[in-house]
Each structure stands twice: as C-alpha cells, then as structure tokens.
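# An overview of the molecular structure
Now for the letters of each chain:
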Amino acid sequence: MRYNLPREVRIRKKKEFEAVYNGGRKFSHQLFIAFYLKNSYGYSRLGLTVSKKIGNAVVRNRVKRLIREVFRLNRHELKGNYDIVFNVKKGISNSSFDDVESAFMDLVDFLEKND
RNA sequence: UAAAGUGGUGAGGGUAGACGCUGUAUUUAUGCAGAGGAAAGUCCGGACUCCACAGGGCAGCAGGCCACCUAACAGGUGGGAGGAGUGAUCCUAUGGAAAGUGCCACAGAAAAUAAACCGCCCCAAAAUUUUUUGGGGUAAGGGUGAAAAGGUGGGGUAAGAGCCCACCGGUUAGACGGUAACGUCUGACGCAUGGUAAACCCCCUGCGGAGCAAGACCAAAUAGGAGGACGUUUGAGGCUUGCCCGGCCAAUGUCCUCGGGUAGGUUGCUAAAGCUUCAGGGAAACCUGAUGCGUAGAUGAAUGUCUACCUAAAACAGAAUCCGGCUUACUUGCCACUUUAUGGC
RNA sequence: GGCGGUGUACCCAAGUGGCUAAGGGAGAGGUCUGCAAAACCUCUAUUCAGCGGUUCGAAUCCGCUCGCCGCCU
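With respect to the helices and strands, the residue Arg-45 is situated in strand S3 (residues 45-49). Excluding its chain neighbours within four sequence positions, the residues that come into contact with Arg-45 are Glu-8, Val-9, Arg-10, Ile-11, Glu-16, Asn-39, Phe-71, Tyr-82, Asp-83 and Ile-84.

Written out as structure tokens, the structure reads:
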C-alpha cells in the first residue's frame, strides 16, 4: 500500500467541482461538509474549498494540508471510488490532525453504510 | 545604583527516523534545491509590457526651508529655522497672508478701511448739591473671546496715546561668513502688516494611460468572417486622459491574402539598479575597484504530517512579474555611547 | 494578484468646519379606548469604524489602521 497523493488524485477543474456539487450527495460534520459522487477512474479523488472566512493565508494553508494529509493516509479505507469535495467550516481552524482524521473516518463509515 | 536617550547588530529553531508534495538533474532510481523580516498593507517610486504614438493648451493630481545621495521617490544623509524637554535628545504636510477672494460661530463696544459699551478728561446747558442732557477728546483701565491692533518701565498730558525716550521684539539697507537655507555685525524706520493656505488660491517643480488577470504563441468545439493596399465621399456616428484643438477609426468601391478565436495548453518566470568579503574616496547617505557566490518559481496553487530528543524556541505571519523605499503587525538577545538623579571614593 | 468604492442609532439614511448630530421605520413607555388599531406625546448616538494630526473649534480637512462591498480571468 502506497500512501502517495499525486496531482491526478486531486479535483482541479471548475467543471469537475460543479459536477460533484450538482450530481453528488452531502455528508455534514462539525468540521466540514463533504460532497461525494461515485467515479469511474479506479481511485478516489479529493477537492478542497477553503474560503477567506476561515482565516488568513497561514490558517487556510494549514487546513488544506491537514485534510490532504488525512486523505493521503486513509484513502485506501474507502470501499468505493469517489470524488469528494470538502467545504470547510470555521471550527476546523483550531483542530488537530487527530480531530480531522476521526472526522474523516466518520465519513468512511457513513459511505459504507449508506452507499 | 536607578531612571532615561541614541546608534549598531544577531536569532526567527535544530538533530534523527517514517510517509508525502513542487521543481530540477541524470543512470528512472536516487541525488540536489524549496517562503519572510515583514513574503503583509498596496501608500510612494522605478524596471518591464501593451495602447488608435503619446503633439499643444486648459483642467486635474502630487510635491514644497537648503545642499547632497539615488535608476527614481512622498525615501535617505547632513545642515538651517521653529517648537518640546532639567538634559542626553526628540518632533515639524517647514514657500507665499504686502496679488486677490472667502471664513473667524457664541460671547464681546469692536473680529479688521479699526472701533467709544462701561470708564477717564474738557466744554456747554439744565437741574440744584450731585445728578441729567448735548458736543468733543481719549485705546491707559474694565469685561468677552482661541485671538483685541507691538511688550515692559519712565517721561509727557486736561485725560491719554510710539506723542517722546531706554530695553526687548519687528521691518528694512549695507557689509562680512556660508555652495545655499540662513547667521553675525553696523545703520535706518516709531512700527505701517490679527489668524486661517491639511479654505479657494498664487508661485516653483514633476506627471500620457493602463497594468503580468500586462502581453506573446499554439489551438478542440462553435460561428462565418477577418486582415492588407489603393481610390472616392461625408464630417453623421464612434474612439482618445476629464475638456478643447489635433489625430484616428469609420462609410463605400476595386484588388489581394487566409486567417481570427472560446475551453484548454505553452510562454512571460526569474541573474537581479543582486549578495559576501576586502581595499580606496566621502562628514554621512553613498560611490568606485577587486575577489568569491549563482539563491523558490507554484498555477485549485508545492515547502507538510507523525514520533523521539535538544533548546528560551514562544509571536506576527505564507512567495504569485521583479526591484528600491515607507508604513503597519510581532517574539527574544547582545554591544557601544550619552544624559539626569542619588550615594561613595 | 491588481484596481476602485464605502463605513453616522437595531434598520434605512440627511448632514456648508460652529446649537443638544435632521428625518423615516422598528422598539420601549404614556395619552386616548370597555379592549385594540390608528392618531398624538416622550425616550433610545458612552466615542459619527478606530488611532493620530491641522484648526480657537473636526462627523466634515489630512495621514495611518481596521471592517465590508464591487470590478478585472
């Protein structure tokens, strides 16, 4: 099992984001809202949205790195292949790696049960 | 010893392991490099790029003691003047109020061609024993105000007044010193000119406009036009820096050419008015020469996560075309010099 | 990243450097009414986003800072 996160694994285009927003479903959590949509790439992909309301540039970068790191280390836990877009809520700015990881595992459980 | 002031200078984590991200080199598996002192605010100034060439005038904007430095600046260095502080030292959007205009609320007699409310003095009349009325003189006193027409003292006078005198302040002429701002000295003038220019304005100086999301190249889908040359006509319309002049586009005919361009991609993209050390010049900012270094380049946007240890390692904070400044945010050291107070020798 | 605008009470807002900072809505209290509505009266700005400066005097003029909004792909 390799824990890498190359560029193809990220959602980068506006159209792909809109596809997930319009065609996908939602999972709400205290730290974020995750939009997800099954894909046919053979692997799951990650998209991030961190608005200016979350904090200054340093805080926003830290939030994005935390989520990327959690996704990188845990994406093999996902049973299917999904495009997942995280919309971050304000509470995440003070969260630790462990907080985000447990939140991500909640998402994994949710997907297993409901999909 | 205590309290202050000024200047300079340093750090902005490190080591090991595991897993990653961006760039790059080749041997395709590894190596190497990978955020700041403010990367920030976008407040000034440039480089660079494009524009129907950028020309003139008006308007507008910015700056404003003097000299120097700089690619340039609203930056820096030194000096002058004014102000604050016992002092070291610090602060100053520091030209012109005698070109003109405006404003100066309330209060006050009066807020700017000076002026008579109270008061003071003189004269006349009435009344009659201390008042009233009228005419005149007077800016010394009162009170108001942020500000009241040079200040203090003396002489003088009916009472007063630069009316006269001394000192201070001011204006002005000359000489001397200084590159200059300005200063010093001597003389003249009784003094004429209240404040406000971060009010309009005047004077001097500078400014074409936009900005790397600038711009260049490649190029699906879709649409069917696009460009060039020459001639003719009109000055209707549009464009330009806000306006005018000027200029350009334009309309139409003939001929020629085949490209234009959205999504997306490539490029611009990092070697630079660069940094280190030394020497020389200068009072300093800075300049000159030599030596060495070669220093992130992402594009939904890299530089992290976990573990252990060391340490005072906390705070403000994340490159986005690149530089020079300014301003603001913020953690912690070190050094030198100076001042004041108190005590001791 | 670049360029521009804006900030006055709970909301919408007016405001020549000079009075206690207009006005409307909302809210609170009162008058009126058997009770309400309407009408009328009264109240609500510690500091005009914050900090400095100019001025005798600043919401207003100037500088810095902060917040919000818009435009350029």
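Time to look at the protein's contact with RNA strand B. Taken together, 21 residues lie around RNA strand B, and Arg-7, Asn-61, Arg-65, Glu-69 and Arg-72 are the ones closest in. Protein-proximal atoms of RNA strand B, defined as those within 4 Å of the protein, fall in sugar or phosphate at a share of 75%. The side chain of Arg-10 places a nitrogen or oxygen atom 3.3 Å from a phosphate oxygen of RNA strand B. Here a phosphate oxygen of RNA strand B sits 2.8 Å away from a polar atom, N or O, in the side chain of Arg-65. Sorting the residues of the surface near RNA strand B by element identifies S3 and helix H2 (57-74) as the ones contributing at least two each. Per element, the largest residue contribution to the surface near RNA strand B is eight residues, and it comes from H2. Classifying every residue of the surface near RNA strand B by side-chain character gives eight nonpolar, four polar and nine charged.

If you look at the biggest cluster of nonpolar residues, it comprises 28 residues, and the most contacted ones within it are Ile-67, Ile-84, Phe-86, Phe-104 and Leu-107. When contributions to this core are tallied by element, the ones reaching two or more residues are strand S2 (32-38), S3, H2, strand S4 (82-88) and helix H3 (97-114). Sort the elements by how many residues they give to this core and H3 lands first, with six residues. Each residue touching Phe-104, except ones within four places of it in the same chain, is listed here: Phe-32, Val-70, Phe-71, Asn-74, Leu-78 and Phe-86.

Taken as a whole and assessed by the stated rule, the structure comprises eight aromatic pairs. Between Tyr-21 and Phe-35, the ring centres sit 4.9 Å apart and the planes meet at 90°, which makes this aromatic pair edge-to-face. With Tyr-21 in helix H1 (residues 14-23) and Phe-35 in strand S2, this residue pair connects regions lying 14 residues apart in the sequence. You can call Tyr-21 partly exposed: its relative accessible area is 28%. Seen from their ring centres, Phe-27 and Phe-110 are 4.8 Å apart, and the 45° between their planes marks the pair as tilted. Separated by 83 residues along the polypeptide, Phe-27 in strand S1 (residues 25-28) and Phe-110 in helix H3 bring together distant segments of the chain.

Cut-offs used in this document
- Residues numbered from 1 in each chain as written.
- Chains lettered and ligands numbered in written order.
- Predicted model: local features only at pLDDT ≥ 70, side-chain atom pairs only at ≥ 80, totals over all residues.
- Heavy atoms only, no water.
- Helix = DSSP H or I, 4+ residues; strand = E, 2+ residues; numbered from the N terminus.
- Contact = heavy atoms within 4.5 Å.
- Near = heavy atom within 4 Å.
- Polar contact = N/O pair within 3.5 Å; in protein donor to acceptor, adjacent residues only side chain to side chain.
- Nonpolar A, V, L, I, M, F, W, Y, C, P; charged D, E, K, R; others polar.
- Core = buried A, V, L, I, M, F, W, Y, C linked by side-chain atoms within 4.5 Å.
- Buried < 20%, exposed > 50% of the residue type's maximum accessible area, 1.4 Å probe, protein only.
- Phe/Tyr/Trp six-rings, centres within 6.5 Å; stacked < 30°, edge-to-face > 60°.

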